[in-house]
Amino acid sequence: MKKLAALLAATAFAASLSAAPAQAQERGFDRGDQANARAEMAAGRNMPIRDIERRIIPQMRADDEYIGFEYDSSAQAYRLKFIRAGRMIWVDVDAQTARILRVSR
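Residues numbered from 1 in each chain as written. Predicted model: local features only at pLDDT ≥ 70, side-chain atom pairs only at ≥ 80, totals over all residues. Heavy atoms only, no water.

Enquirer: Hey, could you run me through the environment of E53 in this one?
Expert: Mapped onto the elements of the fold, E53 is located in helix α3 (residues 49-56). Sequence separation of E53 and L80 is 27 residues, and the distance between their C-alpha atoms is 8.1 Å. Leaving out residues up to four positions away in the same chain, E53 has contacts with P58, Y66, F69 and L80. One polar contact links E53 to Y66, side chain to side chain, over a distance of 2.6 Å. (Helix = DSSP H or I, 4+ residues; strand = E, 2+ residues; numbered from the N terminus. Contact = heavy atoms within 4.5 Å. Polar contact = N/O pair within 3.5 Å; in protein donor to acceptor, adjacent residues only side chain to side chain.)

Enquirer: How should I be thinking about the sheet that holds strand β2 (residues 77-84) in this particular structure?
Expert: Sheets are built from strands paired through backbone hydrogen bonds, the pairs being either parallel or antiparallel. Pairing within the open sheet is antiparallel, and its four strands lie in the order β1-β2-β3-β4. Two strands close off the open sheet at either side, each with one partner strand: β1 (65-72) and β4 (100-104). The average undirected angle you get between the axes of adjacent strands in this sheet is 20°. By the bridge criterion, eight bridges tie β2 to strand β3 (residues 87-94) in an arrangement that is antiparallel. Paired with I83 across the two strands is M88, which belongs to β3. (Pairing = 2+ DSSP bridges. Axes fitted to C-alpha atoms, helices over the stretch in contact; angles between N-to-C directions.)

Enquirer: Looking at this structure, how should I read the side chain of N46?
Expert: Among the secondary structure elements, N46 is positioned in the loop between α2 (31-42) and α3. On the basis of relative accessibility, which here comes to 5%, the residue N46 falls in the buried class. Engagement of the side chain of N46 in a polar contact is seen with the side chain of Y71, the distance being 2.8 Å. Those residues within four positions of N46 in sequence are excluded, and the remaining contacts are E40, M41, Y71, Q76, A95 and Q96. (Buried < 20%, exposed > 50% of the residue type's maximum accessible area, 1.4 Å probe, protein only.)

Enquirer: What exactly am I supposed to notice about the confidence of the model for the protein here?
Expert: One rule of thumb: low pLDDT means the predicted coordinates there are not for detailed reading. For the protein, per-residue confidence averages 79 on the pLDDT scale, and 70% of positions sit at 70 or higher. At the level of individual helices and strands, the protein shows its lowest average pLDDT in helix α1 (residues 2-26), which scores 43, and its highest in β3, which scores 98. Considering only residues more than four positions removed or in separate chains, one finds that residues 4-29, a stretch of pLDDT under 50, has four contacts. (pLDDT = per-residue confidence, 0-100.)

Spelled out as structure tokens, the structure:
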């Protein structure tokens with residue numbers, strides 16, 4: 001019985017891994033955006049994300065926990081993600097100038 005439970009758990013885990021890329025693309029997160037971000041940065045059109053983080057993170061409140069970022073190639077903007085008191089905060093930043101475009105709570 002334990003072997004069957006372990007086999008079922010392993011199968012479920014493997015299935016969840018194979019579904020993750022498809023789910024990410026459905027939500028609009030495309031690995032192509034990451035490649036586009038690199039290409040734009042290499043061409044000198046976008047700032048490196050580390051430079052943008054160094055400018056934006058200090059502007060946030062001390063209790064805002066930085067989670068990470070996404071790049072939107074169609075908008076040429078980064079979305080920095082923070083959590084404050086259990087709520088998500090998204091800060092959209094122009095990839096060329098590091099100017100904050102929008103803060104969504």
